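Understanding the architecture of this molecule
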Amino acid sequence: MEKIQCARFTEEILLLALDDDTGNLRPLPPDVFTGAMAGAMLLELAFSGHIDNDLQHVFPVEQSAPVAPHLEKLRDTLSVQPEILSLSSALAIAVMHVPECLDILFGHLVEENTLKRQHRFITTSPYTYTKSDWTRVICLRNRIRNTVTATDLPMPGDAVIVSLMHACGLEYLLFSTSEQQRYRERIEQLARLELLGQQMHRAIGEVCHAPFERTAAVFAGLDVQTIGAAAGGVPAVMVAMGYVRRELGVRRSALALKRMNQDNGFDCPSCAWPEPETGCSRFEFCENGAKALASEATEKNIGPDFFARWSLDDLADQSGYWMEQQGRITRPMLKRPGDTHYRPVSYQEAFTVIRDRLNALSSPGEAVFYVCGHVCNEAAFLFQLLARRFGTNNLPNSANLCHEPSGFGMKQSLGYGKGDAGPEDLEQAGAIFMFGHNPGSNHPRMLRSLQAAARKGAAIVTVNPLPEAGLSGFANPKEIAGLLGQSTSLSTLHIPIRINGDLAFLHGMMKHLFEREERYPGSVFDHAFIDRYTTGLQSLLDSLRSCSWDLIEQQCGIDHTEIARAAEIYIEAGSVVATWGLGITQHVNGTDTVQHIINLMLLGGNIGRPGAGLIPMRGHSNILGIRSMGCGENMGEPFYRSLEEHLHFTVPRTPGLGVVHALEAMRTGAAKVCISLGGNLAASAPDTAFVAEALRACDLTVIIATKLNQSQAVTGKSSIILPCLGRSEIDTRNGNPQYVTVEDAMGCVHASCGCLPPAHPSIMAETRIVAEMAHSLFGSETIPWLELAEEYSGIRKIIGNVVPGYDGFSEKTDCRKRFVIRNPLRERDFSSLGGRALFIPRAPLPKDPASGTFTLMSIRSHDQFNTTIYGLDDRYRGIRNQRRIVFMNRVDMAERNIAAEQPVRISSNHEGQYRTAPPFHAIPYEIPRGCVAVYFPEANALVPRQSRDRQTDTP
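Residues numbered from 1 in each chain as written. Predicted model: local features only at pLDDT ≥ 70, side-chain atom pairs only at ≥ 80, totals over all residues. Heavy atoms only, no water.

1. Observations regarding the overall build of the protein chain
The condition is simple: Starting at the N terminus, helices and strands are each numbered in turn, a helix being any DSSP run of H or I of at least four residues and a strand any DSSP run of E of at least two. To sort residues, take the accessible area from a 1.4 Å probe on protein chains only and compare it with the maximum for the residue type: under 20% means buried, over 50% means exposed, and anything in between is partly exposed. Here a residue-residue contact requires only that any non-hydrogen atoms of the pair lie within 4.5 Å. With residues, only the protein chains shown are counted as cover, and all accessible areas are computed by Shrake-Rupley using a 1.4 Å probe.
What the protein chain contains, in helices and strands, is 41 helices and 37 strands. Here the protein chain, with 955 residues, has 60% of them falling under the buried criterion. Summarising the internal contacts of the protein chain: among those between residues at least 6 apart in sequence, 77% fall at separations of at least 24. Of the accessible surface of the protein chain, which amounts to about 36400 Å², a share of 51% is contributed by carbon and sulfur atoms.

See the structure below:
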C-alpha cells in the first residue's frame, strides 16, 4: 500500500457531510456516519504507516513519527492492545474516539476559515457553525466527480474517499439520480479498488448489526478517573439535563421536567423516595429520575422494520445497554414456534393468541403472571384479578428478588411489613444508621434529607463494604454553595464491613449496649417501652451473652473499638432512624439481619415516635403499591375473602410461586406460559443460563413493556411483545384524560398524570392492555373489564372496597390529593402479634470462605437503574467506558500478581456447582480484604439460584 503522509480522509468525509447552507452536520444516520468516520481514521493511520493490515486484521506498528492530533489518542490506544485485532474490533475502538475527533476537526476547519463557530443556547453541543469559505468543499467535490467520471486508474487516496463516500451513502450530494445510476458500477469498482477500503466498506455496511458498544468496551480499554468525593453538584445537573434534552428535545424536556413529581403531574418512573409534603421544589427530580424520564420519553422509536432486520439470535447477542439505546417499541410483535424474527400483529390478534394458549393449559397453575414494581396500582390490581379469576396465585413479582426479607422480617417481629419513618424523621433524628445501600446512585433525593439531618447535628453512621460518594457528602445543586462545588459532609462514622458481616456487627453493637446496661442499669435500654410493647428480651440477652467478641470481630471484619464507637453514637443519639437496602436483604441470612436491625431499634424504643423508626430503602417507584394491590403469591385469607365478597368469583387458595420457584417450574414444564407486566426476568433473576433455559422452555412468553430488553430476546416457543404507554405520557379514553396512582416507600398514595404525547398513537396503556386481555379471556361476566379500562375511577372504587388501608380510595384521589395509608407501627400498635413486638435472637454463625477464595457481591453503577443500563460510566467510582470490571483490594491484587485493569476470569463454587463468566478487568479499590464487587446484572451468571434467603427464598 502506498504511504501518503498527509491523507486527511476524516476531514474530507466531514466536509462532505456538512450542510451547504449552515455548515452544520446533515441529519445522516448516526451509526453509518460514525462508522465511516472511524474507518477514515483507520485508513489515515494505515496510509501514514502507523498500522498495517492483512484485510481481516489490524497490526499496530511501532512508529515514533508524529501523527495528526485527531488520530493521536486512537493510535496510542491501538498500540497498547495485547493482541492482533480483528478489523471489526479496531473499527469499534475507533468509533469510541469519533466524538473527540470531530471536535478537533471542526476546530481545524475554523482555524483555516472554512467554517465560522458560533455559540449555541441549550443544545447537546455548545456550538453551531456557518460556512465561511466553501472553496475547499467545491474542490473536494470536483475531485470526487472527476475520479468517478474518468476511466483511468485513480490516485489511492481518491479511491479511499470514494469508498467512504459510498459507505456513508453520500452520492446524492454529488450526483443527480440519473448520474448515480450511470456511474453506479464505477463507484462500486472504485470502492473495491483500495483493498483496505474494501474491507472497511464491508464492515461499515454491517455497522447496524455490530454490537459496537459492547465490542468497544471490551477492546478500547478503561478510563479510570478520580473517585467522587461527594454526590450531586454541577456534574449531576449537567449529566441529568444532557440525558433528557438529548432524548426528548428542548421543548418536550422542559415540559416533562416541570411536571415530574408535581401535583397534577406524573410520578417519577425511577425510585420510590417520596416527594416532600410541603415545600415541593419546582424541579423535584434527581439525576436518576432525569435519566429514567429520558429513557422512557425518548423520541427514538423501533417498529416492524427494526424487528425484520434483527433476528432473535442477533438480539440475544446484544448487551442490555445496546437494547436500552434503541428506543420505544411502537407495535405489538409476535414470534411463533420456529420463527427467527418477530412480526407485527394487532393488539387483538395478540390477545387472541394469549387467550387460546391459556385456555389450552391442563390447569391454571401452569400459568405464571409476573409483575414489576414500576407498574401503577390500577394495572397491578387488574392483573392480579386476571390471574386469580383464571385460577392461580402464581403472581411472582420483583419484590421476590429484593426486599421480601424486609417485609417478611418486619411482619414476624412487628406485625407489619412497611417502615414507620419518613423524611421528616430523618431530619429530627439524633442519629441515622444506614446499612447496605448507596443513596447517591440509587435514591439521590434522599440526600437532601440526610443533608438537613447532618446540618442539624445528627450523627450518620454508614455500614457498607465500599466507601461511596453518596455516603460521604452531598453538594446540593439547588443551593448556590452546591453549584459552586461546596458539599455537606454526611458520614460521621463509616464502617467498612466485610460482605455479609452486618449480622455480626449488629450483634456486637447490641452486646456493647447490653454490657453498658449491666454496668449502669437504666442508662441504655428504654425499659418503659420494652416492658409495655415487647416480649422475648431475655432470649436476645442470652444470645448476646453467649457470643464471644472474637467471633463477632472475625465475622464482620471490624474490631471491638469501632463497634463500640457506633454503639456509643446510638446511646447518645436519643432517637435513631435505621435504613437498609439490598446489601442487607440479598443474603442467605437476609431476613435474620433485618430482624437484628429491629432488635437494635426495639432496645432503645426507636419505633413509633418522632425522629426514630425504620426505613427499608425499597427501589421501584410502586413496589409497595403492587403488593398492596394483591400482586403476591400468598396474600392471605382476609384478602381472598374480600375479593370473593365484592367480585363474586371463587379465589384459589393454593399458594402461588415466587420468582425462583416459578422459573424452576418453567424449566421442568410444570409452568408453560409466563406473562410479564413490565420487568426483565432474563436479566434480573440470578443464574442467567438457567433463567434462559426456563424462559425458552415455555410454550408462550408475553411481556408488556415500553422498550427492548433481554426478556424479549430470550423467549418461549411463542412470544409476544405488547408496547404500553410510559408514565410521562398522556392516557386519554374517549377524550377524557386518565390518571393512575402509586404508593411511595413511606406508604403515601398519590396520583400520576402524564403530559407528553404517546410515542405512537396506537400504543395502549398498561391498564387497558390488562383489561382487554382479561375481556378476551373471560368476556364481561361479573367483572366489567372493558368498562374499567374506559374509566379508571371504577377500578379505584373496587380497590377501595377490597384493599386494606385504601378505603375511600376513589374519593381521596379524585381531587388529586395525597393520602397516607395507616401504619400501625407509627402508633405502636402491635395488635396483629397480640399487642407486643418480638425480640427474635439471630446469632452470627462461624463461617469462613475457603482458603484462597473471595466473597463476591453485585452492585449497580451510577449509570443504571435496576437492569436498565443508561451508559457505560460509573462517575462516582471513577469508571468510564466499561462495565465488565471487578473491584478488588490492592493487597489482594498484589498477592496474586494481578495488575490494575488486567483481565481476570471469575468462577463461583456453590455446593460443588461451578459457574464461570467471561473476563472482568480488575480495578484496585478501597474494599475489605477477601471481598470483591462486580456490576449487576453482569454478575448474575455467577449467582446460583439455590443460594437464597433461608426464610423467603430471595436470591
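2. Quick word on the pattern of salt bridges
Selection rule: Salt bridge, as applied in this entry: a Lys or Arg side-chain nitrogen positioned within 4 Å of an Asp or Glu carboxyl oxygen.
Scanning the entire structure with this criterion turns up 41 salt bridges. Residue R796 is joined to E378 by a salt bridge in which the shortest nitrogen-to-oxygen separation is 2.9 Å. Of the two residues, R796 is situated in helix 39 (residues 793-802) and E378 in helix 18 (residues 377-390); the sequence distance between them amounts to 418 residues. The exposure classification of R796 matches that of E378, with both residues buried. As a salt-bridge pair, R880 and D873 come within 3.9 Å of each other at their nearest N and O atoms. Using a relative accessible area of 35% as the deciding quantity, one classes R880 as partly exposed. Via salt bridges that share partners, R8, E11, E112 and R136 belong to a single interconnected network.

3. Topic: the side chain of E772
The residue E772 is located in helix 37 (residues 766-778) in this model. For E772, a relative accessible area of 12% translates into the label buried. Ignoring any residue separated from it by four or fewer positions in sequence, one finds E772 in contact with Q348, F351, M764 and L786.

4. Quick look at the nonpolar core
Note the threshold: Side-chain atoms within 4.5 Å link the members of a nonpolar core, which is a set of buried Ala, Val, Leu, Ile, Met, Phe, Trp, Tyr and Cys residues.
If you look at the biggest cluster of nonpolar residues, it comprises 130 residues, and the most contacted ones within it are F381, F433, F505, L614 and L722. No other element matches the 9 residues that helix 18 contributes to this core. What F381 contacts, discounting residues up to four positions off in sequence, is M629, L643, I795, I798, I799, V802 and V803. Grouped together as the second largest cluster of nonpolar side chains are 56 residues, L16, L43, C101 and Y183 included.

5. Section: unusual backbone geometry
A negative phi holds for most residues other than glycine; trans holds for most peptide bonds. Cis rather than trans, the peptide bond between F936 and P937 has omega equal to 5°. With phi around 70°, E901 is a residue other than glycine that occupies positive phi space. Relative to the elements of secondary structure, E901 occurs in the loop between helix 41 (890-895) and strand 35 (903-910). Phi is positive for E911, close to 50°, though the residue is something other than glycine. Note on placement: E911 falls in the loop between strand 35 and strand 36 (913-924).

6. Looking at the environment of Y370
Residue position: Y370 is located in strand 12 (residues 367-371). On the basis of relative accessible area, Y370 is assigned to the buried category, the value being 2%.

7. Let's talk about the packing of aromatic side chains
Under the convention used in this document: Between the rings of Phe, Tyr and Trp (Trp by its six-membered ring), a pair exists once the centres lie within 6.5 Å; its type follows the angle of the planes, with under 30 degrees stacked, over 60 edge-to-face, and the other angles tilted. Only when the NZ atom of a Lys or the CZ atom of an Arg is both within 6 Å of the ring centre and within 35 degrees of the ring normal do we say a charge sits over the ring.
Counted under the stated rule, the structure contains 21 aromatic pairs. An angle of 90° between the planes, with centres 5.3 Å apart, marks the rings of F306 and F307 as edge-to-face. Using a relative accessible area of 0% as the deciding quantity, one classes F307 as buried. Here the aromatic cluster, defined as three or more aromatic residues joined through ring pairs, consists of F306, F307, W310, W322 and Y342. Here the guanidinium or amino end of R860 rests over the ring plane of F865, the centre of that ring lying 6.0 Å away.

8. Notes on the environment of F778
Structurally, F778 is set in helix 37. For the pair F778 and L386, spaced 392 residues apart in sequence, the C-alpha to C-alpha distance is 9.1 Å. Other than its neighbours up to four places away in sequence, F778 contacts L386, R389, F390 and W785.

9. Let's talk about empty space enclosed by the protein
Note the cut-off: Using a 1 Å grid laid over the protein atoms alone, points where a 1.4 Å probe fits but cannot get out form a cavity; open sets with protein on both sides within 12 Å along at least 5 of 7 lines form a pocket; any residue with an atom within 4 Å of a point counts as lining. Grid points are joined across faces, edges and corners, and a volume is the space filled by probe spheres set on the points. Amino acid classes used here: Ala, Val, Leu, Ile, Met, Phe, Trp, Tyr, Cys and Pro are nonpolar; Asp, Glu, Lys and Arg are charged; the rest, including Gly, are polar.
A complete count under the given rule lists 6 cavities of 30 Å³ or more for this structure. Computed from the structure, the largest cavity encloses a volume of approximately 100 Å³. Lining the largest cavity are 15 residues; nearest its centre among them are S676, T701, V702, I703 and S711. Of all the elements in the fold, those that place two or more residues in the lining of the largest cavity are strand 21 (673-677), strand 22 (700-705) and strand 23 (718-723). For the lining of the largest cavity, the element with the most residues is strand 22, which contributes 3 residues. Here the residues of the lining of the largest cavity are counted per class, giving 7 nonpolar, 8 polar and no charged. There is about 90 Å³ of room inside the second largest cavity. Lining the second largest cavity are 12 residues; nearest its centre among them are Q262, D263, H750, A751 and R818.

10. Section: helix 37
This is how it is decided: A helix's residues, less one, multiplied by 1.5 Å, set its expected span.
Counted at 1.5 Å a residue, the expected span for helix 37 with its 13 residues is 18 Å, and the 18 Å between its end C-alpha atoms agrees. The buried count for helix 37 comes to 11 of 13 residues, which makes it a mostly enclosed element. What helix 37 keeps buried is the set E766, T767, I769, V770, A771, E772, M773, A774, S776, L777 and F778. Looking at the residues trailing helix 37, positive phi occurs at G779, about 75°.

11. As for the sheet that holds strand 11 (residues 343-344)
Neighbouring strands of a sheet are bound in pairs by backbone hydrogen bonds; such pairs are parallel or else antiparallel. Put simply, the rule reads: Whether two strands pair comes down to DSSP finding at least two bridges between them. Each axis is a line fitted through C-alpha atoms, taken for helices only over the stretch in contact, and angles between the N-to-C directions span 0 to 180 degrees.
An order of 11-10-23-22-21-12 is seen for the 6 strands of this open sheet, with the pairing classed as mixed. The two strands at the open ends of the sheet, each matched to only one other strand, are strand 11 and strand 12. Bridge count between strand 21 and strand 22: 5 bridges; the pairing is parallel. Bridge pairing in strand 22 links I675 to V702. Packed on one face of the sheet, helix 17 (residues 347-359) meets strand 10 (333-335), strand 12, strand 21, strand 22 and strand 23 and runs near 135° to strand 23.

12. Description of the packing of helix 18 against helix 37
Short version of the rule: Angles below 35 degrees are treated as roughly parallel, those above 145 as roughly antiparallel, those between 65 and 115 as roughly perpendicular, and all remaining angles as oblique. The hand of a helix crossing depends on one turn: near helix anticlockwise from the far one by less than a right angle means left-handed, and clockwise means right-handed.
Running from N to C, helix 18 and helix 37 point in directions that differ by 20°, and their axes come no closer than 8 Å. Between helix 18 and helix 37, the crossing angle belongs to the class labelled roughly parallel. The crossing of helix 18 and helix 37 is left-handed. Only E766, T767, V770, A771, M773, A774, L777 and F778 of helix 37 make contact with helix 18, whose side of the interface consists of E378, A379, L382, F383, L386, R389 and F390.

13. Focus: the sheet that holds strand 17 (residues 493-495)
Ordered by their spatial adjacency, 5 strands build an open sheet running 17-14-13-19-20, and the pairing between neighbours is parallel. Looking at which strands have only one partner, the edges of the open sheet turn out to be strand 17 and strand 20 (613-616). Neighbour to neighbour, the strand axes of the sheet diverge by 15° on average, direction disregarded. The pairing of strand 13 (residues 431-435) with strand 14 (residues 459-463) spans 5 bridges and is classified as parallel. Bridge pairing links M434 to T462 in strand 14. Packed onto the sheet, helix 19 (residues 404-414) meets strand 19 (576-580) and strand 20 and runs at close to 155° relative to strand 20.

14. Describing the packing of helix 25 (residues 502-519) against helix 29 (residues 560-573)
Remark: helix 25 packs on helix 29, axes separated minimally by 9 Å, with the N-to-C direction vectors making an angle of 65°. Relative to helix 29, helix 25 is oriented roughly perpendicular. In this structure, helix 25 crosses over helix 29, and the sense of that crossing is right-handed. Here F505, G508, M509, H512, L513 and R516 of helix 25 lie close against helix 29, whose contacting residues are H560, I563, A564, A566, A567, E568, Y570 and I571. Grouping the amino acids of the contact of helix 25 with helix 29 by side-chain chemistry returns 9 nonpolar, 3 polar and 2 charged.

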